[in-house]
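Residue-level listing of the chains:
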Amino acid sequence: MIRLQQIQRVFQVGEEEVHALRDVDFGADKGEYIAIMGPSGSGKSTLLNILGLLDRPDDGTYELDGIMTTDLNDKEQANVRRHKIGFVFQFFHLVPRLTAEQNVELPLVLAGVDRAERKKRVVETLEAFGIGDRVKHRPDQLSGGQRQRVAIARATIMKPTVILADEHTGNLDRSSGNDVVEILEGLNNQGITLIMVTHDPELGKRARRRIKMVDGRIEEDKKNNQA
Amino acid sequence: MQTSDIAAFSIQAATASRGRTILTLLAMAIGVSSVILLISLGDSGRRYVMDQFASLGTNLLIVIPGRSETTGGPPPLLGETPRDLTLDDAIALKQSTAIRRVAPIIAGSAPISFKQLEREMIVLGSSADLFEARRLTMGQGSFLPPGDLDRGGNFCVIGSKGKTELFGNNQALGKWLRIGDRRFRVIGVLADTGVSLGEDLGEVVIIPVATAQSLFNRVSLFRIVVEAVNEDAVGRAKKAILSIIKARHEGEDDITVITQDAVLATFDKIFRTLTLTVGGIAAISLVVAGIMIMNIMLVAISNRRSEIGLLKALGAARSQIMGLFLTESALLSTAGAFFGFILAFSAMKLLAGFFPEYNLALVPWSPFIASGLALGTGIIFGVFPARRAAMLEPALSLSRR
């Protein structure tokens, strides 16, 4: 389902060229649960950004669900992001002036879905994540765990095929972090591909497949069967 | 994205940061209201002057010595000086059936004194016809009596302001005042009509034209005010004046006849230019408001970097982001223009209350100017920030908190 070939990403930092990704080949099938691990600066976030079409590789090809995304223009890429990819971030990235409900509604609004249809789907989704009683609250009135649930609700409302999570427990205490992980694993069990970047080895162990990145290369790609 | 959603999103974004929104609205409101106000004031001024002219009667012609237009032909070998307009020229004009009144005018200034008070005033030498031709009204007494133009007399009519300055609240009629080295009896005081045609008739003294000739020791007239029998006769009167004077001046076309129409057209043109000029100057404040909108949008964008990155991650294309931010600045400036319009409207009402005689009013197309200017500034100054927002790298803007 996901096929990266010969991906290169070079950043210009001052005079220096930094190779964030060097000849990365990577593939994932539908429904996989993958943890990308590695030290800071190893390129794991860059890889996730490229998977999420938030960044363009300098070279190489990326195929998602049969679409050669590296050939698409900005508008078409935006469309792929909208319908196929859900993001969960470390800092939640909720819009502070919008209520939980409005934050979750945002992808539907951007897609131009009708108001009535939107309301229905938002209520359903928020209920499903156990924050049905928090719809009118703004992010600063929610706990960290609740915020991340809102963010996950937002990431899943368009029924994406893949969820990309970047240190999604990094800003949460252990128990709410666990809740969030369980929610994501639940989604994974329903067949959504889950790819997460994490520093946390505990979290890494839970994934069925672990990728270790060092210096812009995939150094280790292990299936973890006992999980 | 649906239009109502774009609007709702932008309104929410604008109202979320109240301080910056209020400041922007204020700047925009001031800019728009000053443009509307200045244009309207200019326009009101124009209408005021036009009305003044119209009230003078549109069948007036003014004859001045000298020619302001050339009619072609070789230049004269010997230097040519225009002949003076004389009293006899004025008398001759009365032959024409198209002309009802002829009022010759000699103007000069002279010290006017009564007892120990002395003022420098404009002295007009004219005739009884001036009264009707210029639609003057008397406050007290009577105007110069009709009679032969070349008969003078030691009497004068004084403007209301001049009367107050020389006589205070005392009776002026029948008093003798001194103009230069001659004595004149006051037979009338003009009504206080304020400034008309740019001439303040409050501070003039009018004496018989023949007396003025000897007072200033000058035969030539300053001009002749001619009233045609009616508006349709103005053209005929003009032709008659030209031919009569030409015959009297040995075949030379050496006068200029100004009709009210020409004067009106000139004033109209001057006032329109003036209005546009002040409007243009006011537009500078609009540019300032526009730059303020741009500045504030740029700040907003750098504050909302992560939001922009998020929108992109959620599937917003560059064009959509650009649309959102352009809508926001257009909304800000339109709302500002709306307040500006209200501001201008109430300021004008207030001014009109203070100066009812000027008939002040907003120009009828001012709402269109306001909205046009607002959208223009909002969009022109919104494009750059919106483009910047659209071009943000989502990966970079999301990596920061």
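From a predicted model like this one, the values you see are computed outputs, not experimental measurements. (Residues numbered from 1 in each chain as written. Chains lettered and ligands numbered in written order. Predicted model: local features only at pLDDT ≥ 70, side-chain atom pairs only at ≥ 80, totals over all residues. Heavy atoms only, no water.)

A.B. asks: Hey, could you go over the pairing of strand β7 (residues 162-166) of chain A for me, with residue numbers and the actual values?
C.D. replies: Residues and elements named next belong to chain A. Among the five residues of β7, five are classified as buried, and the element is accordingly described as predominantly covered. Neither face of β7 is exposed, since Val-162, Leu-164 and Asp-166 on one face and Ile-163 and Ala-165 on the opposite face are all buried. Across four bridges, strand β6 (residues 85-88) lies against β7 in parallel orientation. The residue bridging Phe-87 from the neighbouring strand is Leu-164, located in β7. For β7 and strand β8 (residues 193-197), the ladder comprises five bridges, and the chain directions are parallel. Bridging across to β8, Ala-165 finds its partner in Met-196. Assessed by its sense of winding, the connection that carries the chain from β7 through helix α6 (residues 174-189) to β8 is right-handed. (Buried < 20%, exposed > 50% of the residue type's maximum accessible area, 1.4 Å probe, protein only. Helix = DSSP H or I, 4+ residues; strand = E, 2+ residues; numbered from the N terminus. Pairing = 2+ DSSP bridges. Right-handed = clockwise from strand over helix to strand, strands pointing away.)

A.B. asks: Go over helix α7 (residues 234-248) of chain B with me, naming the residues and quoting the values.
C.D. replies: Residues and elements named next belong to chain B. Spanning 15 residues, α7 covers 21 Å between terminal C-alpha atoms, matching the ideal 21 Å at 1.5 Å per step. Those residues of α7 that fall on the buried side of the exposure criterion are Val-234, Ala-237, Ala-240, Ile-241, Ile-244 and Ile-245. For α7, the buried positions fall inside an angular range of 115° around the axis, keeping them on one side. Exposed residues pointing more than 90 degrees away from the buried face of α7 are listed as Lys-239 and Ala-247. For α7, the secondary structure elements touched by its buried residues are β1 (60-65), α3 (87-93), β2 (99-114), β11 (223-228) and β12 (255-259). After α7 finishes, the residue Glu-250 shows a positive phi value of roughly 55°. (Expected span 1.5 Å × (residues − 1). Arc of directions from axis to C-beta. Contact = heavy atoms within 4.5 Å.)

A.B. asks: Can you lay out the sheet that holds strand β1 (residues 2-13) of chain A for me, pointing to particular residues and giving the numbers?
C.D. replies: Residues and elements named next belong to chain A. Here four strands make up an open sheet; going across it, the order is β2-β1-β4-β5 and the pairing antiparallel. A strand with exactly one partner marks an edge of an open sheet, and here the two such strands are β2 (16-28) and β5 (67-68). Pairing of β1 with β2, which is carried by nine bridges, proceeds in the antiparallel orientation. Counted as the bridge partner of Ile-7 is Val-24 from β2.

A.B. asks: Explain the domain arrangement of chain B residue by residue, including any values.
C.D. replies: Domain parsing of chain B yields domain 1 (3-53 + 265-399) and domain 2 (83-253). Inter-centroid distance (C-alpha atoms) of domain 1 of chain B to domain 2 of chain B is 54 Å. (Domains from an automatic or database assignment.)

A.B. asks: How would you explain the sheet that holds β7 of chain A if you had to name every residue and give the values?
C.D. replies: Across a sheet, paired strands are connected by hydrogen bonds in the backbone, their directions being either parallel or antiparallel. All names here are of chain A. Spatially, six strands are ordered β6-β7-β8-β3-β9-β10 in an open sheet, and the strand pairing comes out mixed. The strands lining the two open edges of the sheet, one partner per strand, are β6 and β10 (217-223). Strand-to-strand twist across the sheet, computed as the mean angle between neighbouring axes with direction ignored, equals 20°. Sheet topology places strand β3 (residues 33-37) next to strand β9 (residues 209-214); four bridges connect them, and they run parallel. The residue of β9 that forms the bridge with Met-37 is Lys-212. The sheet strands contacting helix α1 (residues 44-51) are β3, β6, β7, β8 and β9, and the helix crosses β7 at an angle near 150°. Together, β6 and β7 form the strand contacts of helix α2 (residues 74-84), whose direction differs from that of β6 by roughly 75°. (Axes fitted to C-alpha atoms, helices over the stretch in contact; angles between N-to-C directions.)

A.B. asks: With reference to specific residues and values, describe the pairing of β11 of chain B.
C.D. replies: Residues and elements named next belong to chain B. Counting buried positions along β11 yields five of six residues, so the element is predominantly enclosed. Across four bridges, the pairing between β1 and β11 is antiparallel. Counted as the bridge partner of Val-63 is Ile-224 from β11. Bridge count for β2 against β11 is six bridges, and the pairing is antiparallel.

A.B. asks: Outline the interface of chain A and chain B, supporting the account with residue identities and numerical values.
C.D. replies: If you look at the interface, chain A gives 27 residues, while chain B gives 28 residues. Three residues, His-93, Arg-97 and Leu-110 of chain A, lead the burial of chain A against chain B; their summed loss comes to 28% of the area buried on that side. Counting across the chain A and chain B interface gives four salt bridges. At the surface where chain A touches chain B, the tally comes to 13 residue pairs in polar contact (both at pLDDT 80 or more). For the side of chain A that touches chain B, the elements supplying multiple residues, two or more each, are α2, α3 (100-111) and α4 (115-128) of chain A. Here the side of chain A that touches chain B is built from residues that sort into 12 nonpolar, five polar and 10 charged. (Buried area = accessible area lost by both parts, 1.4 Å probe. Salt bridge = Lys/Arg side-chain N within 4 Å of Asp/Glu carboxyl O. Polar contact = N/O pair within 3.5 Å; in protein donor to acceptor, adjacent residues only side chain to side chain. Nonpolar A, V, L, I, M, F, W, Y, C, P; charged D, E, K, R; others polar.)

A.B. asks: Pulling in residues and values, what's your account of the confidence of the model for chain A?
C.D. replies: Residue-level pLDDT values for chain A average 90, and 99% of them are 70 or greater. Across chain A, the secondary-structure element scoring lowest on mean pLDDT is helix α7 (residues 201-206) of chain A, at 88, and the one scoring highest is β8 of chain A, at 94. (pLDDT = per-residue confidence, 0-100.)

A.B. asks: Which residues make up the nonpolar core, and what are the values?
C.D. replies: Formed by 69 residues in total, the largest nonpolar core has its most connected members in Ile-2, Phe-26, Leu-51 and Ile-195 of chain A together with Phe-325 of chain B. Apart from residues lying up to four places away in sequence, Phe-26 of chain A is in contact with Ile-2, Arg-3, Leu-4, Ile-34, Leu-51, Arg-209, Ile-211 and Ile-218 of chain A. (Core = buried A, V, L, I, M, F, W, Y, C linked by side-chain atoms within 4.5 Å.)

A.B. asks: I'd like to hear about the environment of Gln-320 of chain B, residue by residue, with values.
C.D. replies: The residue Gln-320 of chain B is located in helix α10 (residues 318-354) in this model. Taking the relative accessible area as the measure of exposure, Gln-320 of chain B reaches 16% and is therefore buried. With sequence-adjacent residues up to four places away left out, Gln-320 of chain B is seen in contact with Arg-82 and Leu-110 of chain A together with Met-1 and Gly-315 of chain B. Only 2.9 Å separates the side chain of Gln-320 of chain B from the backbone oxygen of Leu-110 of chain A, close enough to count as a polar contact.

A.B. asks: Hey, could you go over the packing of α3 of chain A against helix α5 (residues 144-156) of chain A for me, with residue numbers and the actual values?
C.D. replies: All names here are of chain A. At their nearest, the axes of α3 and α5 sit 7 Å apart, and the two run at 25° to each other. The angle between α3 and α5 places the two elements in the roughly parallel class. Like other packed secondary-structure pairs, α3 and α5 cross with a definite hand, here right-handed. On α5, the residues that touch Ala-100, Asn-103, Val-104 and Pro-107 of α3 are Val-150, Ala-153 and Arg-154. Tallied by class, residues from the contact of α3 with α5 come to five nonpolar, one polar and one charged. (Parallel < 35°, antiparallel > 145°, perpendicular 65-115°, else oblique. Left-handed = near helix turned anticlockwise from the far one by under 90°.)

A.B. asks: Which residues make up empty space enclosed by the protein, and what values do they have?
C.D. replies: According to the stated counting rule, one finds two cavities of 30 Å³ or more in the structure shown. Of the pockets and cavities examined, the largest cavity occupies roughly 50 Å³. What lines the largest cavity is simply Arg-81, Arg-82, Ile-85, Gly-86, Pro-107, Arg-154, Ala-155 and Met-158 of chain A together with Ala-313 and Leu-314 of chain B. Sorting the residues of the lining of the largest cavity by element identifies α2, β6 and α5 of chain A as the ones contributing at least two each. (1 Å grid on protein atoms, 1.4 Å probe; cavity = no way out; pocket = protein on both sides within 12 Å on 5 of 7 lines; lining within 4 Å. Points joined across faces, edges and corners; volume = space filled by probe spheres on them.)

A.B. asks: I'd like to hear about the confidence of the model for chain B, residue by residue, with values.
C.D. replies: With 93% of its residues at a pLDDT of 70 or more, chain B shows a mean pLDDT of 85. Element-level pLDDT for chain B is lowest in strand β8 (residues 195-196) of chain B, with a mean of 54, against a maximum mean of 94 in strand β5 (residues 155-158) of chain B.

A.B. asks: So what's going on with the pattern of salt bridges? Which residues, and what values?
C.D. replies: Oppositely charged side chains can form a pair if their charged atoms are brought close together. Inspection of the entire model under this criterion finds 35 salt bridges over all chains. The closest approach of N and O atoms between Arg-101 of chain B and Glu-132 of chain B, which form a salt bridge, is 4.0 Å. In this pair, Arg-101 of chain B is assigned in strand β2 and Glu-132 of chain B in helix α4 (residues 129-133), connecting sequence segments 31 residues apart. Among the residues examined, Arg-101 of chain B registers a relative accessible area of 18% and is labelled buried. Glu-132 of chain B gets classed as partly exposed once you look at its relative accessible area, which sits at 38%. Between Glu-328 of chain B and Arg-304 of chain B there is a salt bridge; the shortest N-O distance is 3.3 Å. Residue Glu-328 of chain B is found in helix α10, and its partner Arg-304 of chain B is found in the loop between α8 (260-303) and α9 (305-313); the two are separated by 24 residues along the sequence. Salt bridges sharing common partners tie together Arg-97 of chain A together with Arg-20, Arg-304, Glu-307 and Glu-328 of chain B.

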